[in-house]
Amino acid sequence: MQNLTLNNGVTMPALGLGVFQSPPDETAAAVETALGLGYRHIDTAAAYANERQVGEGMRASGLDRDDVFLETKVWVSDYGTDETRHAFEKATRKLGVDTLDLLILHQPAPARWERTLAAYRALEGLLADGLVRAIGVSNFMPQHLARLLPEVDVVPAVNQIELHPYFQQTDVQKADTEAGILTQAWSPIGGITFYPGPWGERRSVLTDETLAALAASHGKSPAQIMLRWGVQQGRSVIPKSTNPTRIAENLDVFDFELSADELARIDALDTGVRSGPDPDAPRDDFFDRVIPEE
Ligand SMILES: NC(=O)c1ccc[n+]([C@@H]2O[C@H](COP(=O)([O-])OP(=O)(O)OC[C@H]3O[C@@H](n4cnc5c(N)ncnc54)[C@H](OP(=O)(O)O)[C@@H]3O)[C@@H](O)[C@H]2O)c1
């Protein structure tokens, strides 16, 4: 497993298991399987409604708490000084842990910026109190970082964004790098380009011909090519699967290398078109969603 060093010196495994849309009744088994196979990083979120099952899977794995890098996210309805502190308490209670390795804001709320800022400052407080080892953001575009950074003391360690060959957000990656923020790819195998959802017409990156050709020449799958493309360029990737075969496949990306020319061929697939939601326009109902206590 390749590790990445965050801007505060904390080490994070480059590849983790994502659990967005993992049904609660399959999540514990997926987490236990992944940890058994060698994964040491899990990415969940309050909004995924499966933190409890992530905790169950971690305990079932028999690993020590310190051996797993645990990342979760605060949902926008919990943004605010007291609300975000309480969100940490809810998350750790469900996960069955005392501390988190990485706690991030799920997305900016540009129209409710004061609450976004208060939430980030609450993360800084949790960091100062030793309750989280690192803090960060998700879906922050350069304009959101430009608003945040002058107002805060701690530069986010991570910015988790939609990032796959069809949508690479090089502007965000550049802004992250300039600020010392590690870019973490969500939908690193392009799930958002093919799984069902209210996202309209999309073209699946998993069936891309260039990726298929690279996969054939390396004896790997298109998903493995995409994950290798991410980790080889120093990004964090968090592929989701609840299928044991695919969980294993997604980890098996550390025994081959893509050439500079091959990396460039994947870079050239960028369409500049987002498949996921626009971070500048969170829906109003996002703020009505109550994250349960238990
Ligand atoms: N911050 C955010 O706003 C945000 C948004 C979205 C996601 N995320 C995080 O990022 C993680 C990953 O993103 P994602 O879940 O959107 O998409 P993804 O990991 O790119 O793709 C997941 C999809 O690919 C399938 N799959 C997994 N491995 C495969 C393989 N080797 N070959 C073919 N299909 C495969 C999965 O189905 P099976 O389970 O059936 O294998 C699932 O449908 C999430 O789980 C979540 O932790 C964050």
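Note that the structure is predicted; figures quoted are calculated from it, not measured. (Residues numbered from 1 in each chain as written. Predicted model: local features only at pLDDT ≥ 70, side-chain atom pairs only at ≥ 80, totals over all residues. Heavy atoms only, no water.)

(A) Structural view of the site of the ligand. Of all residues adjacent to the ligand, which total 29 residues, the nearest are Asp43, Tyr195, Lys240, Ser241 and Arg246. With respect to the ligand, the backbone of Gly190 contributes an N or O atom lying 3.3 Å from an oxygen atom. Computed on the free molecule, the ligand has an accessible area of 900 Å², of which 89% lies beneath the protein chains in the complex. Here the shell around the ligand gets three residues from one element, more than from any other, and that element is helix 9 (residues 244-251). Here the residues of the shell around the ligand are counted per class, giving 12 nonpolar, 12 polar and five charged. (Near = heavy atom within 4 Å. Polar contact = N/O pair within 3.5 Å; in protein donor to acceptor, adjacent residues only side chain to side chain. Areas by Shrake-Rupley, 256 points an atom, 1.4 Å probe, with all protein chains shown as cover. Helix = DSSP H or I, 4+ residues; strand = E, 2+ residues; numbered from the N terminus. Nonpolar A, V, L, I, M, F, W, Y, C, P; charged D, E, K, R; others polar.)

(B) Structural view of the packing of helix 1 (residues 24-37) against helix 2 (residues 51-61). Interaxial distance between helix 1 and helix 2 falls to 7 Å at its minimum, and their mutual angle equals 35 degrees. When the axes of helix 1 and helix 2 are compared, the crossing they make is right-handed. Where helix 1 abuts helix 2, its residues Pro24, Thr27, Ala28, Val31, Glu32 and Leu35 lie against Gln53, Val54, Glu56, Gly57, Met58, Ala60 and Ser61. The residue inventory of the contact of helix 1 with helix 2, partitioned by class, reads seven nonpolar, four polar and two charged. (Axes fitted to C-alpha atoms, helices over the stretch in contact; angles between N-to-C directions. Left-handed = near helix turned anticlockwise from the far one by under 90°. Contact = heavy atoms within 4.5 Å.)

(C) View of the pattern of salt bridges. Taken as a whole, this structure holds 14 salt bridges when the rule is applied. The salt bridge partner of Arg93 is Glu294, with a shortest N-O separation of 3.6 Å. Of this pair, Arg93 sits in helix 3 (residues 81-95) while Glu294 sits in the segment after helix 10 (260-267), placing them 201 residues apart in sequence. Residue class for Glu294 comes out exposed when judged on its relative accessible area of 57%. (Salt bridge = Lys/Arg side-chain N within 4 Å of Asp/Glu carboxyl O. Buried < 20%, exposed > 50% of the residue type's maximum accessible area, 1.4 Å probe, protein only.)

(D) The pairing of strand 7 (residues 135-138), seen in detail. Here strand 7 shows two buried faces, one formed by Ile135 and Val137 and the other by Gly136 and Ser138. As paired strands, strand 6 (residues 102-105) and strand 7 are joined by three bridges and run parallel to one another. Opposite Ile104, over in strand 7, you have Gly136 as the bridge partner. This β-α-β element, strand 6 to helix 4 (residues 113-128) to strand 7, shows right-handed connectivity. Bridge analysis of strand 7 against strand 8 (residues 158-162) gives two bridges, and the strand direction is parallel. Bridge pairing in strand 8 links Ser138 to Gln160. Handedness of the strand 7-helix 5 (residues 142-148)-strand 8 crossover: right-handed. (Pairing = 2+ DSSP bridges. Right-handed = clockwise from strand over helix to strand, strands pointing away.)

(E) The arrangement of helix 1 in detail. Taking 1.5 Å per residue, 14 residues should reach 20 Å; helix 1 reaches 20 Å between its end C-alpha atoms and fits that length. Listed as buried for helix 1 are Thr27, Ala28, Ala30, Val31, Ala34 and Leu35. Relative to the axis of helix 1, the buried residues are bounded by an arc of 165 degrees and lie together on one face. Among the exposed residues of helix 1, those oriented more than 90 degrees off its buried face are Asp25 and Gly36. (Expected span 1.5 Å × (residues − 1). Arc of directions from axis to C-beta.)

(F) Expanded view of the packing of aromatic side chains. All told, the structure shown has five aromatic pairs when counted by the stated rule. Pairing Trp75 with Phe286 gives two aromatic rings, centres 5.1 Å apart and planes at 55 degrees, and the pair type is tilted. Within this pair, whereas Trp75 is found in the loop between strand 5 (69-74) and helix 3, its partner Phe286 is found in the segment after helix 10, the two being separated by 211 residues in sequence. No difference in accessibility class separates Trp75 from Phe286, as the two residues are buried. Where Trp113 meets Phe140, the ring centres are 6.4 Å apart and the plane angle is 50 degrees; that geometry is what we call tilted. Remark: Phe140 occurs in the loop between strand 7 and helix 5 and Trp113 occurs in helix 4; sequence separation between them is 27 residues. Taken together, the ring pairs in this structure connect Phe20, Tyr48, Phe194 and Tyr195 into an aromatic cluster. One Lys or Arg, Arg203, reaches over the ring of Tyr166 and ends 4.4 Å from the middle of that ring. Seen from the ring of Trp229, Arg235 lies directly overhead, with NZ or CZ sitting 4.5 Å from the centre. (Phe/Tyr/Trp six-rings, centres within 6.5 Å; stacked < 30°, edge-to-face > 60°. Lys NZ or Arg CZ within 6 Å of the ring centre and 35° of its normal.)

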